[in-house]
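# Notes for the structure review
The lines below spell out each chain.
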Amino acid sequence: MTDLWQDAMDHAVSAARGAGQVVREALLEDRMVMVKSSSVDLVTQTDQKVEQLIIQSVKEKFPTHRFIGEESVAAGEPCVLSDEPTWIIDPIDGTTNFVHRFPFVAVSIGFSVNKQVEFGVVYSCLEDKMFTARRGRGSFCNGDPLQVSDQKAIKQSIIATEFGSDRDPEVVDKIFSSLRNILCIPVHGIRSAGTAAINMCLVASGCVEAYYEIGMHVWDLAAASLIVSEAGGVLMDVEGGPFDLMSRRVIAANNRTIAERISGEIQAYAPARDDAAAPGADP
Ligand SMILES: O=P(O)(O)O[C@H]1[C@H](O)[C@@H](O)[C@H](O)[C@@H](O)[C@@H]1O
Ligand SMILES: [Mg+2]
Ligand SMILES: [Mg+2]
């Protein structure tokens, strides 16, 4: 059976590869760092350039498609997930890593129709790993199939998380309280790659059993969420409900038991949703 979105997915893979080349070249040069919501929420000209390169190339081939791009939203574009075919782009996931040359940086391209992710592409540019997933057809890394870990015991698990860019002491207290609870289960270890997309691809690859975070955005999650679920993993809200792409909260795990155990240890809070300012969104 022909796949309606195969052409778009092929384009996403080639756009991500091209973007990765730009990112690698930029790492050899001086990087001018700017800030967005706070002094630790970083952006560079490379983030902006890569996003524009991807969007322009898509517009030429798929002129009716819509976009949610991290740097476009930062520049004032609306963040609307409609039923229309929508490209959800994080040009550099791991900008802080990129700025410091910490070697985990990804280009993330998700594609949704009817608010459902149809394919996801995460290119870990420095490792040269191309993670892909097509809904219903599995997840792959450089063409090899991915499968989540079969570990059932959280006490024999590695859990990934991130600290984000919110430095409100109350939020930081909650982050540390959750981390303490999970570490003291006890688990084998806690890891942070510095990019949500790569953390989730590590879950899909079976290297870590779960990843959780509050505060990242739809562009960090869209592509990798499908890569996790197509590798056999589960996605859940941090309070145990269904995963919501726009809620800025996620647990991605190898199985439901581990996801639920983590959810029981998290001190949850609710940052403003990605669609909070969208027309018709709940206040
Ligand atoms: O801003 P970038 O580097 O695209 O994305 C990062 C998120 O902003 C941050 O909240 C998260 O902790 C980090 O993992 C993510 O990749
Ligand atoms: Mg990101
Ligand atoms: Mg980014």
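Keep in mind the model is a prediction, meaning the values are calculated, not measured.

What counts, and where the lines are drawn
Residues numbered from 1 in each chain as written. Chains lettered and ligands numbered in written order. Predicted model: local features only at pLDDT ≥ 70, side-chain atom pairs only at ≥ 80, totals over all residues. Helix = DSSP H or I, 4+ residues; strand = E, 2+ residues; numbered from the N terminus. Rg over C-alpha atoms; globule rule 2.2 N^0.38 Å. Buried ≥ 20, exposed ≤ 12 C-beta atoms within 10 Å, placed from the backbone. Contact = placed C-beta atoms within 7 Å. Pairing = 2+ DSSP bridges. Expected span 1.5 Å × (residues − 1). UniProt positions renumbered as here; feature names shortened; annotations may be inferred. Core = buried A, V, L, I, M, F, W, Y, C linked by C-beta atoms within 7 Å. Domains from an automatic or database assignment.

## Describing the overall build of the protein chain
Within the protein chain, the regular secondary structure consists of eight helices and 14 strands. Taken over the C-alpha trace, the protein chain has a radius of gyration of 18 Å; the compact-globule value for 283 residues is 19 Å, and the two agree within 12%. Based on the C-alpha atoms only, the size of the protein chain along its principal axes is roughly 50 × 50 × 45 Å. Residues counted as buried form 46% of the 283 residues belonging to the protein chain. A separation of at least 24 residues holds for 68% of the contacts in the protein chain among residues at least 6 apart in sequence.

## A closer look at the sheet that holds strand β8 (residues 139-141)
Read across the sheet, seven strands follow the order β3-β4-β5-β6-β7-β8-β9 without closing on themselves; strand pairing throughout is mixed. The open sheet is flanked by β3 (66-69) and β9 (144-145), the only strands paired with a single partner. In terms of strand pairing, β3 meets strand β4 (residues 86-93) through four bridges, oriented parallel. Across the sheet, the residue bridging to Arg66 is Thr86, located in β4.

## Some words on helix α1 (residues 6-26)
Counted at 1.5 Å a residue, the expected span for α1 with its 21 residues is 30 Å, and the 30 Å between its end C-alpha atoms agrees. Buried within α1 are the following residues: Ala8, Met9, His11, Ala12, Ala15, Ala16, Ala19, Gly20 and Val23. In the core, the buried residues of α1 are packed alongside α2 (45-61), β4, α4 (95-100), β5 (106-113), β6 (116-124) and β7 (129-134).

## Overview of the UniProt feature "binding site: Mg(2+) 2" (unreviewed entry) in the protein chain
When the UniProt feature table is mapped onto this chain numbering, "binding site: Mg(2+) 2" (unreviewed entry) sits at Asp90, Asp93 and Asp220. Across 131 residues of sequence, these annotated residues stay compact in space, with a maximum C-alpha separation of 6.7 Å. With respect to the helices and strands, the residue Asp90 is situated in strand β4. For Asp90, a count of 32 C-beta atoms within 10 Å translates into the label buried. Those residues in contact with Asp90, other than ones at most four positions away along the chain, are Glu70, Ser108, Ala197, Trp219 and Asp220. A count of 33 C-beta atoms within 10 Å places Asp93 in the buried class. The residues contacting Asp93, other than those within four sequence positions of it, are Ala106, Ser108, Thr195, Ala196, Ala197 and Asp220.

## Quick word on the nonpolar core
If you look at the biggest cluster of nonpolar residues, it comprises 78 residues, and the most contacted ones within it are Ile109, Met200, Val203, Ala210 and Ile227. Tallying contributions element by element places helix α7 (residues 218-230) first for this core, with nine residues. When we break this core down by domain, the ones giving at least three residues each are domain 1 (5-145) and domain 2 (154-264). Setting aside residues no more than four positions away along its own chain, Ile227 makes contact with Gly120, Val122, Phe131, Ala133, Ser139, Met200, Cys201 and Ala204.

## Here's the deal with the pairing of β4
Among the eight residues in β4, eight count as buried, and that is most of the element. Summarising the sheet, β4 and β5 pair through six bridges and their orientation is antiparallel. If you follow Trp87 over to β5, its bridge partner there is Phe111.

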